[in-house]
Every structure is written in structure tokens, then in C-alpha cells.
Amino acid sequence: MTRRMAVALLCLAGIFISAYLWMFKLGLLGTLACGTGGCETVQLSPQSRFLGIEVALIGLVGYVVLFGVAMASLQPGLAAARWPVQLLAALSGGAVLFTGYLKFLEFFVIHAICRWCVASAVIIATVFVLSVLEARALPRKA
Amino acid sequence: MAGSTAPMNRFYAIIAIAAAVGIGALLYLMNRSSSPTVPTQVTVTAADTAGFQGYVLGSDSAAVEIIEYADFQCPACQAFEMVEFPYVKERLIQTGRVRWIYRDFPLDEPHRWTRLAAHSAACANDQRKYWEQHEALYRTQADWSASSNAGSMFRSMAEQNGLDMSAYDACMKSLKFAGRIQASLESGVRMGVNSTPTVIVNGRMYPGVQPYDRLKALVDSLSPVAPTP
């Protein structure tokens with residue numbers, strides 16, 4: 001249960017990070033708090049869109065979905081069920097792969113590192129690990 | 001049951017506090033940011049245009065002179081800039097056949113940020129980075145057009161283009177090129193320009209996006225040198 005709570009809290013942090021980056025793209029914020037300027041390089045690059053959709057928006061939607069599943073998995077009726085945790089592991093696993101692709105672009109195509117994107121990568125990787133551990137800890141049905 | 005409810009209640013409280021802090025931070029950052037604007041009612045002085053005829057690319061001895069009147073926020077201008085202009089630059093300007101002069105023609109009514117974009121490019125010109133900023137502004141037009149704080153995005157581009165940011169900030173704050181932008185607009189109006197992009201090839205006006213092939217044919221017909229392939 002504690003792991004699911006941690007997952008929910010991490011997803012909430014992910015929501016705010018991706019919302020911050022998306023709001024920058026919408027021009028609702030000033031410059032990004034980044035230090036190196038790499039965040040703006042990444043956010044203004046052609047690779048900041050995937051199939052025509054803002055990557056930050058994809059992240060925001062993804063984190064909202066994960067947060068919703070994590071919160072649902074904490075409800076008493078689903079506490080013993082395996083499927084919400086398996087769903088969390090599957091969704092975050094896909095997100096980890098997508099994040100890996102984005103990190104590749106940052107390192108080898110854009111040649112700039114966005115610290116907020118790194119923070120998001122750490123969050124999603126942790127969510128994945130916690131979800132897998134939680135899924136493995138749940139007793140299987142006889 | 002009470003034993004399991006208490007931790008959940010604590011958890012919900014933590015979630016609520018974290019959400020409130022996050023939302024508060026985003027709202028604070030939103031309210032803190034604002035973009036300057038470049039005035040549209042500007043009295044043009046002689047100093048605004050002294051020694052300035054536009055942003056020039058190409059050789060002074062080129063046989064053909066093309067003046068482009070364009071608006072940084074106009075989608076058709078962006079289409080020309082992204083699709084046609086690279087060919088024009090490579091095959092007509094860099095080969096010495098065409099001298100290209102870019103002039104601002106801000107269409108203020110639909111384009112809220114056009115003058116600020118033009119001013120940003122003018123400030124980049126102060127540091128000999130005009131065309132870098134020009135290209136970045138057009139390339140990211142979709143990003144900043146609908147934004148409520150385009151100025152910060154222009155600043156980010158300037159930073160990426162390697163500008164001295166303290167000089168850039170001072171230039172943007174001074175709005176010292178507002179008169180030059182207005183003068184450019186007025187010169188276009190005097191020549192009969194009423195839409196963007198419009199190009200004037202050796203004095204003859206061609207409104208609308210001109211494909212590279214059409215511009216090349218025009219240049220071929222006007223230029224005494226052998227046409228490029």
C-alpha cells in the first residue's frame with residue numbers, strides 16, 4: 001500500500017513538471033528555471049513534438065492517467081486486486097521506453113539536457129520499479 | 001477499520017497539500033510573467049531610418065534586387081520562409097545573382113506579437129545575429145503565436161543564438177527600433193503593399209507566396225548571367 005501511495009505522489013509531481021513545461025510552450029510562463037538554458041533548447045526544438053503533439057502534453061496526460069490508476073488502486077475495494085498494479089506497471093513501462101527515446105534525442109540529436117525532463121525520467125523510472133515490486137508482492141490467486 | 005482509515009486520511013491530506021502547493025506555484029509563475037509590447041502609434045524620425053534600408057542578404061553588385069515585405073506572425077510568410085527561401089538563399093542569393101532585402105510589414109490587427117518579434121530580430125541585428133533570430137522566429141512561429149508571453153520565447157531564442165543577453169534585454173526594454181519598424185511598414189504602404197508576403201523584384205510587385213521556381217524564372221529573365229541549374 002505504501003508503494004502505491006508513493007506512486008501516486010510521484011505521479012502528482014510528474015503532473016506539475018509536465019504542466020510547467022507545457023505551460024511554457026503555451027507561452028503562459030516566462031523563461032524556464034533551468035540554469036543551463038538547456039530546457040529552452042529542448043522545448044523549442046522540433047523534437048519537442050511527437051507525431052505533431054507536444055511531448056510535454058503527452059507527459060501531462062500520461063501522468064494524470066497514472067495518478068488516476070494509482071489513486072483507484074488505493075481504494076478499499078481494489079486493495080487486494082492485482083490488475084490495477086499490473087496496469088500501473090504496464091503503463092509506466094511504456095512511459096519508461098518513451099522516456100528512453102526522448103533521452104536519446106536529447107543526448108544525440110538536440111545535444112542539450114533539460115533538467116526538468118531528467119527529473120521526469122527519474123520519476124517515471126521510480127514509478128515503474130515501485131509498480132513492479134508492488135505487483136510481485138501481491139499474492140497470486142490460488 | 002479505523003486503523004486503516006487514519007493512514008489514508010493522512011495520505012489524502014498530503015496529496016491535497018502537494019496539489020495546492022503545485023497549483024499555487026504554477027499560478028504564481030503565470031502571474032509573474034508578462035511581455036512588453038511595441039507601440040503601433042509611432043512617429044517616425046529621420047534617425048529611425050538613417051542608413052537603414054532593410055535587412056540585406058547578398059552582393060551589392062547582384063543584377064536583381066528583391067525586396068520582401070513580410071510579417072513574422074503571418075503563416076504564409078512562414079511557409080515562404082521555411083519552404084521556398086532556403087532554395088532562394090542557396091541558389092540565387094549565395095550565387096551572387098540576387099540581393100535580398102527584408103522589410104517588416106507588421107499586420108497588427110490579427111498579429112499581436114508581430115512588432116515584438118520584429119523588434120527582437122532588430123535587437124539581434126545590433127549584435128550581427130539578425131538572420132539567426134529571423135530564422136528562429138519563423139521556425140517557432142506556431143509556438144509563440146498563440147502565447148500570452150511571446151517575449152520570453154523570443155528571449156530564449158536570442159539566448160540560444162548566442163546573443164549578449166544584457167545588451168539584448170536593454171535593447172528590448174528601450175524599444176529603440178519601434179520607429180524603424182513603423183518606417184518599414186509605411187514604406188511598404190507607399191509602394192502599394194497591402195498583404196504579406198509581398199516581394200518587389202527590380203521594382204515590380206508580386207503579392208503572395210512566390211515559389212522558388214517562379215522567382216528563379218523572374219531572375220533568369222532579368223539577370224544577364226547564365227542561369228543556375
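What comes next concerns the included structure.

Conventions and cut-offs
- Residues numbered from 1 in each chain as written.
- Chains lettered and ligands numbered in written order.
- Predicted model: local features only at pLDDT ≥ 70, side-chain atom pairs only at ≥ 80, totals over all residues.
- Heavy atoms only, no water.
- Contact = heavy atoms within 4.5 Å.
- Buried area = accessible area lost by both parts, 1.4 Å probe.
- Salt bridge = Lys/Arg side-chain N within 4 Å of Asp/Glu carboxyl O.
- Polar contact = N/O pair within 3.5 Å; in protein donor to acceptor, adjacent residues only side chain to side chain.
- Helix = DSSP H or I, 4+ residues; strand = E, 2+ residues; numbered from the N terminus.
- Nonpolar A, V, L, I, M, F, W, Y, C, P; charged D, E, K, R; others polar.
- Axes fitted to C-alpha atoms, helices over the stretch in contact; angles between N-to-C directions.
- Parallel < 35°, antiparallel > 145°, perpendicular 65-115°, else oblique.
- Left-handed = near helix turned anticlockwise from the far one by under 90°.
- 1 Å grid on protein atoms, 1.4 Å probe; cavity = no way out; pocket = protein on both sides within 12 Å on 5 of 7 lines; lining within 4 Å.
- Points joined across faces, edges and corners; volume = space filled by probe spheres on them.
- Expected span 1.5 Å × (residues − 1).
- Buried < 20%, exposed > 50% of the residue type's maximum accessible area, 1.4 Å probe, protein only.
- Phe/Tyr/Trp six-rings, centres within 6.5 Å; stacked < 30°, edge-to-face > 60°.
- Lys NZ or Arg CZ within 6 Å of the ring centre and 35° of its normal.
- Pairing = 2+ DSSP bridges.

Glancing now at the interface of chain A and chain B. Listed by partner, the interface residues are 25 residues for chain A and 29 residues for chain B. Carbon and sulfur atoms supply 70% of the area that chain A and chain B bury against each other, a total of about 2300 Å² over both sides. Considering only the surface of chain A that becomes buried against chain B, Met5(A), Phe16(A) and Leu44(A) emerge as the three largest contributors, covering 25% of it. On inspection of chain A and its partner chain B, the count reaches one salt bridge. For the salt bridge of Asp143(B) with Arg49(A), the shortest nitrogen-to-oxygen distance reads 2.9 Å. At the junction of chain A with chain B, the criterion picks out two residue pairs in polar contact (both at pLDDT 80 or more). Residue assignment for the side of chain A that touches chain B shows that the elements contributing at least two residues are helix 1 (2–25), helix 2 (38–43) and helix 3 (55–73) of chain A. It is helix 1 of chain A that contributes the most residues to the side of chain A that touches chain B, ten residues altogether. Residues that form the side of chain A that touches chain B fall into these classes: 16 nonpolar, five polar and four charged.

Residues and elements named next belong to chain B. Two elements in contact, helix 4 (residues 114–126) and helix 9 (residues 178–191), have axes separated by 10 Å at closest approach and are oriented at 115°. Here helix 9 runs roughly perpendicular to helix 4, going by the angle between their axes. The interaxial crossing formed by helix 4 with helix 9 has right-handed handedness. Between helix 4, through Arg115, Ala118, His119 and Asn125, and helix 9, the contact on the second element is made entirely by Ala178, Arg180, Ile181, Gln182 and Leu185.

A word on the layout of surface pockets. Taking a probe equal in size to a water molecule and rolling it over the atoms shows the remaining empty space. Residues and elements named next belong to chain A. Put simply, the largest pocket is a space of about 530 Å³. Forming the walls of the largest pocket are 28 residues, and the residues nearest its centre are Val55, Gly59, Phe98, Thr99 and Leu102. The set of elements that each furnish at least two residues to the lining of the largest pocket consists of helix 1, helix 2, helix 3, helix 4 (83–110) and helix 5 (115–137). The element best represented in the lining of the largest pocket is helix 4, accounting for nine residues. For the lining of the largest pocket, the class distribution of residues is 17 nonpolar, nine polar and two charged.

Here the focus is helix 4 of chain B. Residues and elements named next belong to chain B. Here helix 4 contains 13 residues, and its C-alpha end-to-end distance of 19 Å stays within 8% of the 18 Å for a straight helix at 1.5 Å per residue. Across the 13 residues of helix 4, eleven count as buried, placing the element largely inside the fold. Listed as buried for helix 4 are Thr114, Arg115, Leu116, Ala117, Ala118, His119, Ser120, Ala121, Ala122, Cys123 and Ala124. Backbone geometry just after helix 4 places Arg128 at a positive phi near 60°.

So, about the packing of aromatic side chains. Residues and elements named next belong to chain B. Applying the stated rule across the entire model yields 21 aromatic pairs over all chains. Among the aromatic residues, ring-to-ring pairing joins Phe52, Tyr55, Phe72, Phe80, Phe85, Trp100, Tyr102, Tyr130, Trp131 and Tyr138 into one connected group. The ring of Phe52 is capped by Arg180, whose NZ or CZ atom sits 3.8 Å from the centre of that ring.

What follows concerns the pairing of strand 5 (residues 204–207) of chain B. As paired elements, strand 4 (residues 198–201) of chain B and strand 5 of chain B share four bridges and run antiparallel to each other. Bridged to Thr198(B) within strand 5 of chain B is Pro207(B).

A separate point is the pattern of salt bridges. Counted under the stated rule, the structure contains 14 salt bridges over all chains. Arg99(B) serves as the salt-bridge partner of Asp60(B), at 2.8 Å between the closest nitrogen and oxygen. Of this pair, Asp60(B) sits in the loop between strand 1 (55–57) and strand 2 (64–70) while Arg99(B) sits in strand 3 (residues 98–104), and the two are 39 residues apart along the sequence. Several salt bridges share partner residues, and in doing so they unite Arg3(A), Arg4(A) and Glu134(A) into one network.

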